[in-house]
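# Descriptive structure summary
Okay, here's what each chain looks like letter by letter:
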Amino acid sequence: MGHAEHKIQDQPQAKAISLDEYWMPFTPNREFKSAPMLVVRGEGMYYWNDRGEKLIDAASGMFCCAAGHGRKEIAEAVQRQLTDLDFIAPFLRGHPRAFELASRVAELTPGDLNRIFFTNSGSEAVDTAMKVALAYHQARGQGGRTMFVSRERAYHGVNFGGVSLSGMVNNRRKFGPTLPGIGHMRHTHIKENYFARGEGEHGVELADDLQRFVNLYGPENIAACFIEPIAGSTGCLVPPKGYLKRIREICDANGILLVFDEVITGVGRTGHNFAAQAFGITPDVITMAKALTNGAVPMGAVAISERIHDTIMNAAPEGTIEFFHGYTYSAHPVACAAGVAALDIYRNDRLFERGREMTPYFQDAVFSLKSARNVVDIRGYGMFAAIDVASDGVPGRRGHAFQKKLFENGLHLKTTGDAAIIAPPLIAEKKHIDEIHDKLEKTLAAL
Ligand SMILES: Cc1ncc(COP(=O)(O)O)c(C=O)c1O
């Protein structure tokens, strides 16, 4: 590969930076380095690239920045925390912010999901949730329950546990057999529901795939079922009406834990605290990350039912470690400070309610693109939506081109394959939604 350099254009005095050393994640590196898309500043609903051009953020960064960019409250809390206490070992030692954030998260979670384990990412939250499920069944004398069920088109992060649960083919196929004992149900993106707004009318019976795994493997072998209530990364796949309820019922009837992976849907995206509350289904465990700190500092968390937590606690002799798991940076003081500051903003600015109030306007805008050129399906729920563009014959190529054109036209979003995923910050006003709509329409027409 040749050497790639780039001059930051809005800083004429700056030295050119080498693009060679940084190996970018989930990016066509060679293409990027021949035509870099660098972002140097963010404020409110907008980013600025290194040419000083303004872009509207239609993706909350990557489903993270619900309160928009450059929030001073978070910056100040982080700075204060860094000078008060930068770091303390999370094993055997604690700091007040961790307890404060856990209490604040527990105020948002449904049911008795009031025990909070901190991680540094969504991927770590997923692997932690898998271990919680295994430890719980061991603790209650059902250690035979080691299998998991998830779904095709699921994204549960990139660590080996999460990749094994995931149903995104390219994320798995280069990495060997992954973990054994995982069954994948069918996904719920079916033709009958194309262009359905919210939950589709068709496909509740797809939940019975879980029953088929139960019949095939025996309930006594299955630990947990992992579900994104709305599959996010593969393009906002909203569940059919009644689907999550039926999944919950099958789990209950068979002693299987239900884990909602809410790394995208949690913390306000649906206009509710979690999608669990939006759909009225309480899982046993919820994973979250991203908007937890407004994206300002990496952090994930797992909310666990008190019943599960207490079972694991009570199985261990007093004075011993109950759960042999954790990260050096679990509940990092700076991440906790950012988390508390972000949750303060969400509460004080009523951002989840704002998202709920803005939802009809937002969904109208996205669904009005139904007859735009190249559109083959649209899905949406809350402040979350996706547009599938027609494949040009090579899956994902047109989606990728769409994303690049949108960036040139002043709009940032993420595409997966041929799905463009839209998730604006919850601070979005009607004029921002209009701008997002107009840029999508114009770019679709020229695609
Ligand atoms: C549902 C879900 N789970 C897990 C993850 C992984 O999170 P992270 O990238 O923070 O590891 C993601 C990331 O998008 C996600 O959408």
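The sections below set out a description of the structure shown in this document. (Residues numbered from 1 in each chain as written. Predicted model: local features only at pLDDT ≥ 70, side-chain atom pairs only at ≥ 80, totals over all residues. Heavy atoms only, no water.)

## Focus: the overall build of the protein
What the protein contains, in helices and strands, is 15 helices and 17 strands. On C-alpha atoms alone, the protein measures out to a radius of gyration of 22 Å, which is about the 22 Å that the 2.2 N^0.38 rule sets for 447 residues. Burial statistics for the protein: of 447 residues in total, 56% are counted as buried. The long-range share in the protein, meaning contacts at least 24 apart out of those at least 6 apart in sequence, stands at 71%. For the protein, the accessible area works out to roughly 19700 Å², and carbon and sulfur atoms hold 53% of it. For the protein, the distance from the average site of its 49 positive side-chain charges to the average site of its 51 negative ones is 4 Å. (Helix = DSSP H or I, 4+ residues; strand = E, 2+ residues; numbered from the N terminus. Rg over C-alpha atoms; globule rule 2.2 N^0.38 Å. Buried < 20%, exposed > 50% of the residue type's maximum accessible area, 1.4 Å probe, protein only. Contact = heavy atoms within 4.5 Å. Areas by Shrake-Rupley, 256 points an atom, 1.4 Å probe, with all protein chains shown as cover. Lys, Arg positive; Asp, Glu negative; His and termini not counted. Charge placed at Lys NZ, Arg CZ, Asp CG, Glu CD.)

## Details of empty space enclosed by the protein
Going through the model one piece at a time under the given rule, you end up with four cavities of 30 Å³ or more. Approximately 100 Å³ is the volume attributed to the largest cavity. In this structure, the largest cavity is lined by 14 residues; those nearest its centre are Thr188, His189, Asn193, Val238 and Arg379. Among the residues forming the lining of the largest cavity, the class breakdown is seven nonpolar, five polar and two charged. (1 Å grid on protein atoms, 1.4 Å probe; cavity = no way out; pocket = protein on both sides within 12 Å on 5 of 7 lines; lining within 4 Å. Points joined across faces, edges and corners; volume = space filled by probe spheres on them. Nonpolar A, V, L, I, M, F, W, Y, C, P; charged D, E, K, R; others polar.)

## Observations regarding the layout of surface pockets
There is about 1100 Å³ of room inside the second largest pocket. As for the second largest pocket, its lining consists of 34 residues, and the residues nearest its centre are Pro90, Ile116, Phe117, Met313 and His325. Elements represented by at least two residues in the lining of the second largest pocket include exactly α4 (96–108), β6 (115–119) and α11 (306–315). Of the residues in the lining of the second largest pocket, the class split is 21 nonpolar, 10 polar and three charged.

## Quick look at the environment of Arg51
Residue position: Arg51 is located in the loop between β4 (46–49) and β5 (54–57). The class for Arg51 is partly exposed, based on a relative accessible area of 46%. Sequence spacing of Arg51 and Pro283 is 232 residues, and the spatial spacing of their C-alpha atoms is 46 Å. Apart from residues lying up to four places away in sequence, Arg51 is in contact with Gln9 and Asp10.

## Points about the nonpolar core
Among the nonpolar cores identified, the biggest contains 104 residues, and Ile247, Tyr346 and Leu440 are the most heavily contacted of them. Here Ile247 is in contact with Met185, Ala207, Leu210, Cys225, Ile227 and Leu258, once residues within four sequence places are set aside. Counting 22 residues, the second-largest nonpolar core is a separate cluster that includes Val126, Leu165, Val302 and Ile312. (Core = buried A, V, L, I, M, F, W, Y, C linked by side-chain atoms within 4.5 Å.)

## Description of helix α15 (residues 430–446)
An ideal rise of 1.5 Å per residue puts 24 Å on 17 residues; α15 measures up with 24 Å between its terminal C-alpha atoms. Along α15, the residues classified as buried are His432, Ile433, Ile436, His437, Lys439, Leu440, Thr443 and Leu444. (Expected span 1.5 Å × (residues − 1).)

## Here's the deal with the pattern of salt bridges
By the definition in use, this model includes 24 salt bridges. Notably, a salt bridge pairs Glu73 with Arg71, separated by 3.0 Å at the nearest N-O pair. For Glu73, a relative accessible area of 37% translates into the label partly exposed. Taking the shortest distance from any N to any O, the salt bridge between Arg379 and Asp388 comes out at 2.9 Å. (Salt bridge = Lys/Arg side-chain N within 4 Å of Asp/Glu carboxyl O.)

## Let's talk about the site of the ligand
Surveying the vicinity of the ligand reveals the residues Ser121, Gly122, Ser123, Tyr155, His156, Gly157, Glu228, Ser233, Asp261, Val263, Ile264 and Lys290. Here an oxygen atom of the ligand and a backbone polar atom of Gly122 are 2.8 Å apart. Tyr155 is positioned such that a nitrogen or oxygen atom in its backbone is 3.4 Å from a nitrogen atom of the ligand. Coverage of the ligand by the protein chains reaches 85% of its 390 Å² of free accessible surface. Split by residue class, the shell around the ligand holds three nonpolar, six polar and three charged. (Near = heavy atom within 4 Å. Polar contact = N/O pair within 3.5 Å; in protein donor to acceptor, adjacent residues only side chain to side chain.)

## Considerations on the environment of Gly176
Structurally, Gly176 is set in the loop between α7 (169–172) and β8 (182–185). Sequence separation of Gly176 and Ile247 is 71 residues, and the distance between their C-alpha atoms is 29 Å.

## Digging into the sheet that holds β5
Taken together, four strands build an open sheet; the order of strands is β3-β4-β5-β15 and the sheet is mixed. Lying at the two open borders of the sheet, with one neighbouring strand each, are β3 (39–43) and β15 (411–412). Relative to β5, β4 is paired through three bridges, and the arrangement is antiparallel. Across the sheet, the residue bridging to Trp48 is Lys54, located in β5. Packing of α15 onto the sheet brings it into contact with β4, β5 and β15, and relative to β5 it is tilted by some 105°. (Pairing = 2+ DSSP bridges. Axes fitted to C-alpha atoms, helices over the stretch in contact; angles between N-to-C directions.)

## Here's the deal with the packing of aromatic side chains
A complete count under the given rule lists eight aromatic pairs for this structure. Centroid distance Phe87 to Tyr329: 5.8 Å. Interplanar angle 80°. Geometry classified as edge-to-face. Placement of Phe87 in the loop between α3 (72–84) and α4 and of Tyr329 in the loop between α11 and α12 (333–348) is noted, with a sequence separation of 242 residues between them. Note on Phe87: relative accessible area 33%, which makes it partly exposed. For the pair Phe279 and Tyr381, a centre-to-centre distance of 4.7 Å together with 40° between the ring planes defines the contact as tilted. (Phe/Tyr/Trp six-rings, centres within 6.5 Å; stacked < 30°, edge-to-face > 60°.)

## Considerations on the sheet that holds strand β13 (residues 375–381)
Overall, antiparallel pairing links the four strands, which are arranged β13-β14-β17-β16 in an open sheet. Each edge of the sheet is formed by a strand with only one pairing partner; in this case those strands are β13 and β16 (414–416). Going from strand to strand, the sheet's axes swing by 20° on average, the running direction of each strand aside. Where strand β14 (residues 384–389) and strand β17 (residues 419–422) come together, four bridges link them in antiparallel fashion. Residue pairing for β17: Ile387 is matched across the bridge by Ala420.

Just geometry here; none of it tells us what the structure is for.
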